Amino acid sequence: MKKYNINYARKLVVSFFFVVMLNFISNYAAAQNKWTLTFRPGVNFATKDLGDAKLKTGFGLEGTIAYNFMPNLAIYTGWSWNKFSANQSFAGANMDFDETGYCFGLQIVQPFGSSKTGFMLRGGGLYNHIEIENSEGKIIADSGHGLGWEIETGLSVPLGNSLRFIPGIRYRALSRDIKFNNVTTPVDLNYISVGAGLSWSFGK
């Protein structure tokens, strides 16, 4: 029943995102060549245990590049690194769990009326892996890359002609299997990330 409810919730989130996206596409027909680079640090809060590991508050960094193929709609891709720690886990005591990899998807920025400040909605996929590091910083296990998903909402606030401040909150989900000491443990890395990015637009 729990698995069914999770899958149903995911379908609702994906359906809502694409309904909003299609609504914006129907309102805009003119293409616009514009690129945006964004750097975003954030603080991460796990929403469930990673296997039997109770994750502490984590942190991470992300860099993305987006291409606006319509005035308010862009496709994005990027790379991110996020670190979590746990006092006790299936891999031993005082371990770090690093999630790194790639993100991709669609991003909408809709201005509030005539204001230059806008509402941002972003969603797409992940191709990430989880590495376990011991207290000496040595990697002792690697899940291998696999697919996950993310959704984010926030604001886009202009700081000038090309710079924007983008505070936002996102949810990420990644399921992998980690083999350690010949034992395979299925894990779900689900977390909320609160962050603020700076973006630079170019190539009009």
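In this text, all values refer to a predicted model and were calculated from it rather than measured experimentally.

(A) Structural view of the overall build of the chain. When you go through the chain residue by residue, the secondary structure sums to one helix and nine strands. Secondary structure elements in the chain, listed N-terminal to C-terminal, are α-β-β-β-β-β-β-β-β-β. Looking at the 204 residues of the chain, the share that counts as buried comes to 41%. Put simply, of all contacts in the chain between residues at least 6 apart along the chain, 62% involve residues at least 24 apart. Surface exposure of the chain reaches about 10,900 Å², of which carbon and sulfur atoms provide 62%.

(B) Representation of the environment of W35 in the model. Among the structural elements, W35 can be located in strand β1 (residues 34-46). Distance in space between the C-alpha atoms of W35 and F202 is 5.3 Å, their sequence separation being 167 residues. Each residue touching W35, except ones within four places of it in the same chain, is listed here: I65, A66, Y67, W200, S201 and F202.

(C) Structural context of the side chain of T185. Mapped onto the elements, T185 comes out in strand β9 (residues 183-202). The buried category is assigned to T185, whose relative accessible area is 17%. Contact partners of T185, with chain neighbours within four places excluded, come to F90, R176, D177 and I178.

(D) How the structure looks around the layout of surface pockets. Considering only enclosed or pocket space, the largest pocket measures out at about 670 Å³ in volume. Residue lining of the largest pocket: 33 residues in total, with K34, V109, S156, R164 and S201 positioned closest to the centre. Among the elements of the structure, β1, β2 (58-70), β3 (73-89), β4 (92-111), β5 (118-133), β7 (146-158), β8 (163-180) and β9 are those that each provide at least two residues to the lining of the largest pocket. Class assignment of the residues belonging to the lining of the largest pocket gives a composition of ten nonpolar, 14 polar and nine charged.

(E) The packing of aromatic side chains, seen in detail. Overall, the coordinates contain six aromatic pairs when judged by the stated rule. Here the aromatic rings of W35 and Y67 are separated by 4.9 Å at their centres, their planes lie at 45°, and the arrangement is tilted. Pair noted here: W35 is in strand β1 and Y67 is in strand β2, with a separation of 32 residues, a long-range link. According to the relative accessible area criterion, W35 is partly exposed, its value standing at 36%. Assessed through its relative accessible area of 25%, Y67 is described here as partly exposed. Measuring from ring centre to ring centre gives 5.2 Å for F84 and Y191, while their planes differ by 65°; the resulting arrangement is edge-to-face. Note that F84 is positioned in strand β3 and Y191 in strand β9, a separation of 107 residues in sequence. Exposure remark for Y191: the relative accessible area of 1% places this residue in the buried category. Sitting over the face of the ring of Y76, R122 holds its NZ or CZ atom 4.2 Å from the ring centroid.

(F) Inspection of the confidence of the model for the chain at higher detail. Confidence in the prediction of the chain, expressed as mean pLDDT, is 87, and 83% of residues score 70 or more. Residue range residues 24-33 is modelled with pLDDT below 50. Its contacts to residues more than four positions away, or to other chains, number 20 contacts.

(G) Region of interest: the pattern of salt bridges. This model, assessed by the stated rule, comprises 14 salt bridges. Among the salt bridges present, the one from R122 reaches E62, with a minimum N-O distance of 3.1 Å. Note that R122 is positioned in strand β5 and E62 in strand β2, a separation of 60 residues in sequence. In this structure, the salt-bridge partner of E133 is K83, at a minimum N-O distance of 3.6 Å. With E133 in strand β5 and K83 in strand β3, the pair connects residues that are 50 residues apart, well separated along the chain. Both residues of the pair, E133 and K83, belong to the buried class. One connected set of salt bridges, linked through shared partners, spans R40, E62, E99, R122, E150, E152, R170 and R172.

Reading the values: rules and limits
Residues numbered from 1 in each chain as written. Predicted model: local features only at pLDDT ≥ 70, side-chain atom pairs only at ≥ 80, totals over all residues. Heavy atoms only, no water. Helix = DSSP H or I, 4+ residues; strand = E, 2+ residues; numbered from the N terminus. Buried < 20%, exposed > 50% of the residue type's maximum accessible area, 1.4 Å probe, protein only. Contact = heavy atoms within 4.5 Å. Areas by Shrake-Rupley, 256 points an atom, 1.4 Å probe, with all protein chains shown as cover. 1 Å grid on protein atoms, 1.4 Å probe; cavity = no way out; pocket = protein on both sides within 12 Å on 5 of 7 lines; lining within 4 Å. Points joined across faces, edges and corners; volume = space filled by probe spheres on them. Nonpolar A, V, L, I, M, F, W, Y, C, P; charged D, E, K, R; others polar. Phe/Tyr/Trp six-rings, centres within 6.5 Å; stacked < 30°, edge-to-face > 60°. Lys NZ or Arg CZ within 6 Å of the ring centre and 35° of its normal. pLDDT = per-residue confidence, 0-100. Salt bridge = Lys/Arg side-chain N within 4 Å of Asp/Glu carboxyl O.

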